[in-house]
Amino acid sequence: MSLPTLLHPYQHLLNSLRVPSPRLHCILHSGRHPVSRTPSAPPSPGHQRTKWVLLSGGLRRALCAQATSKDHTEGLSDKEQRFVDKLYTGLVRGQRACLAEAITLVESTHARKKELAQVLLQRVLAHHREQERLNQGKPLTFRVGLSGPPGAGKSTFIEYFGKMLTDRGHRLSVLAVDPSSCTSGGSLLGDKTRMTELSRDRNAYIRPSPTSGTLGGVTRTTNEAILLCEGGGYDIILIETVGVGQSEFAVADMVDMFVLLLPPAGGDELQGIKRGIVEMADLVVITKSDGDLVVPACRIQAEYVSALKLLRRRSEVWRPKVLRISARTGEGISEVWDAMREFQDVMLASGELTTKRQKQQKVWMWNLIQENILHLFKTHPSTREQIPLMERKVLSAALSPGLAADLLLKAFKSKH
Ligand SMILES: Nc1nc2c(ncn2[C@@H]2O[C@H](COP(=O)(O)OP(=O)(O)OP(=O)(O)O)[C@@H](O)[C@H]2O)c(=O)[nH]1
């Protein structure tokens, strides 16, 4: 069954996810003439040979995988075509300015720019697939999530660690996901001058998270920024997040390995760290293990070694390790890299890494669908004004949450 036929029952949903420009919303090509489909129009036999070219909304990326990169260039004006070409060519040649501009494009909330970003991403993905094919199907990049409470020593570690990697010939990208930017409008990770040495290194690219938007939005753009950095030839991608919110859970879903950095502090100071985060860690690194802090660092290391033994194993082939480091003396940092490489090797050899990346793609697709559908539900004319009313009724116990949800969903469905 062709993709358009398969999707016909969902056409109303796709239409609801429409961006302002109808021409770009969902263009089905039949022969040489673009034909926009409406929800009521059943698929005609002529549509069996149709190709999906551009879609807006959460399903676009998955669907676009069905089309060739040439398809994605159709529907663009000449100027837009030149713009995407320029970014793509500069990006794959490793030009930092193009990478920066491309990430700005995926961060844009402007509907048309979002469309262009997806066209660019598809081209970058196709390029990346080809590179991986030439590498016998093995991933060319290593994605590491790095989390820890404020003051754990993350930026000091990344500065030292990053320099070590670029000295060894790697190209490193550091992307920050900052949950505080979503609530306060300020960026905890981005505002400070951090990693000054590394930011001057030609083989390193540091990008703070955007300073506005929802966590879902910020993590989405981070996910897409990872793909762009990889397309730009960066082989190690570090995604940094402050370990006090939900962002690390999102980050764990986009990386190969999740590393937790903890300072040699007492239980009270580490209370902000959620148990769930420790469970996600493939590697725990106790920082600042120098001078007077060596003794508490060893104690915390022993505690975490015992604690991790009690946790359910998440991998058949990898047991999380606990290491001590000092970014002042450099002690243990080389060992952190050795542990990361060992992780990558065993996970690749067992096939777990490939499976993990595949699962992440699926999780990501569903995240986007959920996000889009929820947005549609909250902003739809049939529910928009009813929602605050229903919330008040639930708060005053005039309605049960179940009944309120049923009524809202009924109103929503009746208009589709
Ligand atoms: N003794 C010692 N101090 C360190 C070490 N690494 C970092 N520090 C100090 O710890 C403090 C916090 O370090 P940062 O690297 O800024 O920590 P961070 O986790 O990036 O902090 P946020 O940006 O607030 O999330 C600074 O005063 C550093 O000088 C270390 O290896 N040894």
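Preceding block: the structure.
None of these values were measured; they are calculated from a predicted model.

(A) Fine view of the state of the cysteines. Inspection of the entire model under this criterion finds zero disulfides. Left without a disulfide partner, Cys98 is nearest to the cysteine sulfur of Cys229, which lies 13 Å away. For Cys98, a relative accessible area of 8% puts it in the buried group.

(B) Expanded view of the pattern of salt bridges. Evaluated as defined, the whole model comprises 13 salt bridges. The salt bridge partner of Glu107 is Arg207, with a shortest N-O separation of 3.1 Å. With a gap of 100 residues between them, Glu107 in helix α7 (residues 96–107) and Arg207 in strand β6 (residues 204–207) connect regions that are remote in the sequence. Look at Glu107 and you get partly exposed, because its relative accessible area is 23%. With relative accessibility at 13%, the residue Arg207 sits in the buried group. Across the pair Arg143 and Glu230 runs a salt bridge whose closest N-O atoms are separated by 2.7 Å.

(C) Focus on the packing of helix α18 (residues 386–395) against helix α19 (residues 401–414). Their axes nearest at 9 Å, the elements α18 and α19 cross at an angle of 165 degrees. In terms of axis orientation, α18 runs roughly antiparallel to α19. Remark: the crossing between α18 and α19 carries right-handed chirality. Across from Gln386, Ile387, Met390 and Val394 in α18, the residues of α19 making contact are Pro401, Ala404, Leu407 and Leu408. Looking at the contact of α18 with α19, its residues break down into seven nonpolar, one polar and no charged.

(D) Quick look at the packing of aromatic side chains. Inspection of every chain in the model, using the stated rule, returns five aromatic pairs. Measuring from ring centre to ring centre gives 6.2 Å for Tyr205 and Tyr234, while their planes differ by 45 degrees; the resulting arrangement is tilted. Taken together, the residues Tyr205 in strand β6 and Tyr234 in the loop between α12 (215–231) and β7 (236–242) connect sequence positions 29 residues apart. Since its relative accessible area comes to 6%, Tyr205 is described here as buried. Geometrically, the ring pair formed by Trp318 and Phe343 is edge-to-face, given 5.2 Å between the ring centres and 90 degrees between the ring planes. Within this pair, whereas Trp318 is found in the loop between α15 (294–310) and β10 (321–324), its partner Phe343 is found in helix α16 (residues 333–350), the two being separated by 25 residues in sequence.

What counts, and where the lines are drawn
Residues numbered from 1 in each chain as written. Predicted model: local features only at pLDDT ≥ 70, side-chain atom pairs only at ≥ 80, totals over all residues. Heavy atoms only, no water. Disulfide = S-S within 2.5 Å. Buried < 20%, exposed > 50% of the residue type's maximum accessible area, 1.4 Å probe, protein only. Salt bridge = Lys/Arg side-chain N within 4 Å of Asp/Glu carboxyl O. Helix = DSSP H or I, 4+ residues; strand = E, 2+ residues; numbered from the N terminus. Axes fitted to C-alpha atoms, helices over the stretch in contact; angles between N-to-C directions. Parallel < 35°, antiparallel > 145°, perpendicular 65-115°, else oblique. Left-handed = near helix turned anticlockwise from the far one by under 90°. Contact = heavy atoms within 4.5 Å. Nonpolar A, V, L, I, M, F, W, Y, C, P; charged D, E, K, R; others polar. Phe/Tyr/Trp six-rings, centres within 6.5 Å; stacked < 30°, edge-to-face > 60°.

On their own, these measurements won't tell you what the molecule is for.
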